[in-house]
Structures are given as structure tokens and as C-alpha cells.
Amino acid sequence: MEQVTSKDGTTIAFDRTGEGPAVILVSGGSTDRSSNAPLAELLATDFTVCNYDRRGRGPSGDTPPYAVEREVEDIDAVIAAVGGSANLYGTSSGAALALEAAASGLPISKLALWEPPFILDENARPPTDQVEQYGRMIAEGRRGDAVEYFMTKVVGMPADFVAGARSAPWWSATEALAHTLAYDATVMGDYSLPTERAASVAVPTIVLAGGADFAFMLETARALADALPNGQVRTLDGQGHDVDPSVLAPALKEFFA
């Protein structure tokens, strides 16, 4: 594990593997860098892969107050650590963060996004007070309730499934990241497609979606690719939101090559 210091003094931890052009991996909501570790291993045959922990996760620091701009600065610090420019991959809400990093003018060579969860139908978007809900539950020590709220109200999982999941072995690790749910909700904003920000992203960008996922994910991917000056869309057949790294890695290798 390596560390780099972001602009506000926050320490950001990352794993560096492989050799070749740099690729930085940005994780999504309710996960840390372990979620991208299998993908990192597959990409490391062709690239120098930096798989980092976003602030508030794993050994990375978490300097308050939170702001999306600070997360962009974290990515900038990792880019500087690997030579000053890099390809960038983000998954889910991490894809929305990666898009914002590119729109902010960071030295990104190519941008790849896996199913950024923007929602075109305004009536199907998550509650608008997510950040406040998480803040209250975390302050009251109700980390499990915050995770349950995310899974049911935002992801849309059945309440019975989530209630049972609270006794699963992996639940405690999810609870440990509960405070970062507000961070990803801040990144996503109102979940509308950020067409103006996308229009400012000039770098080659691929938006990927699973052929076996909810239909809105592919609709969003197509709409976002259309909004990007140099965008394209690709569907990975048979894949849902929890994409198989062995299917995703070849598509990313082809694009980043």
C-alpha cells in the first residue's frame, strides 16, 4: 500500500500493481477499494493500476467538511503520484465522481464509466433528503439503519431481503462505511443527467452498461454518451450492476489501449 497527500492534507491510500500506462480505479457507494481489487489484478497485465480508497474508507483519511471538490482533489493527487496523467475508470456513483473529475479539467487521458446511476425519469429518483437522512442516522449511532435506508430507498432492494442481510457476515463491513453514503449522495445530487458538465468533457469516454440490468441503466448510458463530445456506449451482454471483472476487463483493455 502507498499513500499520497491530497490538497487539504488528507492522506489517500492506494495499491499500485502492474506496468504500463496508468489506470486509476474509482469505487462506488458503500464499497472500498477491495471491490475493485479483482479488476485491478486483471488490468495489471497491461497497465499500471492504482486502486485507491476514497476518503473516509479503509486507511484513507477523512478531513471534514465533505465536498465533492475534495474528492476531485484526491483523484488529482493520485494522478500526480503516478506520473501526472492517467486513464480513469469509475463504477456506479464512482463513475459520476470520475465524470466530475474529468469535467474539472484533471489530466485524464481516457475516461471509462460503468453504469453511472443517473435517472432520466424524475419520478423514479431516490429521496431528495438522502444526505440529511444519513447525517441524522449516523449522528444517532444508527449505522445499520443508514445502510438499510440506502439499500431499500435508493437501490430498491426488497425490505425483507435487507432485514435478513443485517445478520450476514458482510454486514459489519458495510456498516463501517455507512458515513460515506452521504458522500455518494452528494456526488449524485438530484440524480438527473448532468448534461452541461458532460458537454465540457472532451477526452475520449466510454459509458458501459449491462445487458441484463434494469432498462434505465442502458437508457442513461446512451443519453450520457450522446451528451459527451467524444463519447461512446457499449453493452456487456448478460451483466448486471455487479459486473463480472473477467467480462469488464477486456472491454477496458481495448478502450484504454
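Just so we're clear, the structure is a prediction, and the values are computed from it rather than from any experiment.

Enquirer: With reference to specific residues and values, describe the nonpolar core.
Expert: Of all hydrophobic cores here, the largest spans 62 residues; its most connected members are I24, Y52, I75, L88, L111 and Y134. Ranked by residues supplied to this core, first place goes to helix 3 (residues 93-103) with eight residues. When residues no more than four places from it in sequence are discounted, the contact partners of L88 are I24, V26, I75, A98, A101, I108, K110, L111, A112 and F256.

Enquirer: Which residues make up the pairing of strand 3 (residues 22-26), and what values go with them?
Expert: Among the five residues in strand 3, five count as buried, and that is most of the element. Neither face of strand 3 is exposed, since A22, I24 and V26 on one face and V23 and L25 on the opposite face are all buried. With four bridges connecting them, strand 3 and strand 4 (residues 48-52) associate as parallel partners. The residue of strand 4 that forms the bridge with L25 is N51. Running through helix 1 (residues 37-43), the crossover from strand 3 to the neighbouring parallel element strand 4 is right-handed. Inspection of the sheet shows strand 3 paired to strand 5 (residues 86-91) by four bridges, in the parallel sense. Looking at strand 5, one finds that V23 is bridged to N87.

Enquirer: Explain the environment of G240 to me, and be specific about the residues and the numbers.
Expert: For G240, the location among the structural elements is in the loop between strand 8 (231-236) and helix 11 (245-256). Taking relative accessible area as the criterion, G240 reaches 24% and is therefore assigned partly exposed. Residues G240 and A139, spaced 101 residues apart in sequence, show a C-alpha to C-alpha distance of 34 Å. When near neighbours in sequence (up to four residues on either side) are disregarded, G240 contacts W114, E115, A212 and D213.

Enquirer: Explain the side chain of S27 to me, using residue names and the numbers behind them.
Expert: With respect to the helices and strands, the residue S27 is situated in the loop between strand 3 and helix 1. Residue contacts for S27: discarding those within four places in its chain leaves D32, S35, N36, R54, R57, T91 and G94.

Enquirer: Pulling in residues and values, what's your account of unusual backbone geometry?
Expert: In this chain, P64 is followed by P65 through a cis amide linkage whose omega measures -5 degrees. Checked against the element boundaries, P65 lands in the loop between strand 4 and helix 2 (68-81). A positive phi angle, close to 55 degrees, is found at S92, a residue other than glycine.

Enquirer: Tell me about helix 4 (residues 130-139), and please be specific about residues and values.
Expert: Listing the buried residues of helix 4 in full gives Q130, Q133, Y134 and M137. Along the axis of helix 4, the buried residues cluster in a sector spanning 95 degrees; they form a single face. Directly after helix 4, the chain includes G141, whose backbone phi takes a positive value near 80 degrees.

Enquirer: Provide a residue-level description of the pairing of strand 5, including the pertinent values.
Expert: A large share of strand 5 lies buried, amounting to six of its six residues. Here strand 5 shows two buried faces, one formed by A86, L88 and G90 and the other by N87, Y89 and T91. Relative to strand 6 (residues 108-114), strand 5 runs parallel, the two sharing five bridges. When the bridges of strand 6 are listed, L88 appears paired with L111. Crossover strand 5 to strand 6 through helix 3 is right-handed.

What counts and what doesn't
- Residues numbered from 1 in each chain as written.
- Predicted model: local features only at pLDDT ≥ 70, side-chain atom pairs only at ≥ 80, totals over all residues.
- Heavy atoms only, no water.
- Core = buried A, V, L, I, M, F, W, Y, C linked by side-chain atoms within 4.5 Å.
- Buried < 20%, exposed > 50% of the residue type's maximum accessible area, 1.4 Å probe, protein only.
- Helix = DSSP H or I, 4+ residues; strand = E, 2+ residues; numbered from the N terminus.
- Contact = heavy atoms within 4.5 Å.
- Pairing = 2+ DSSP bridges.
- Right-handed = clockwise from strand over helix to strand, strands pointing away.
- Arc of directions from axis to C-beta.

By themselves, these observations are geometric and do not establish any function.
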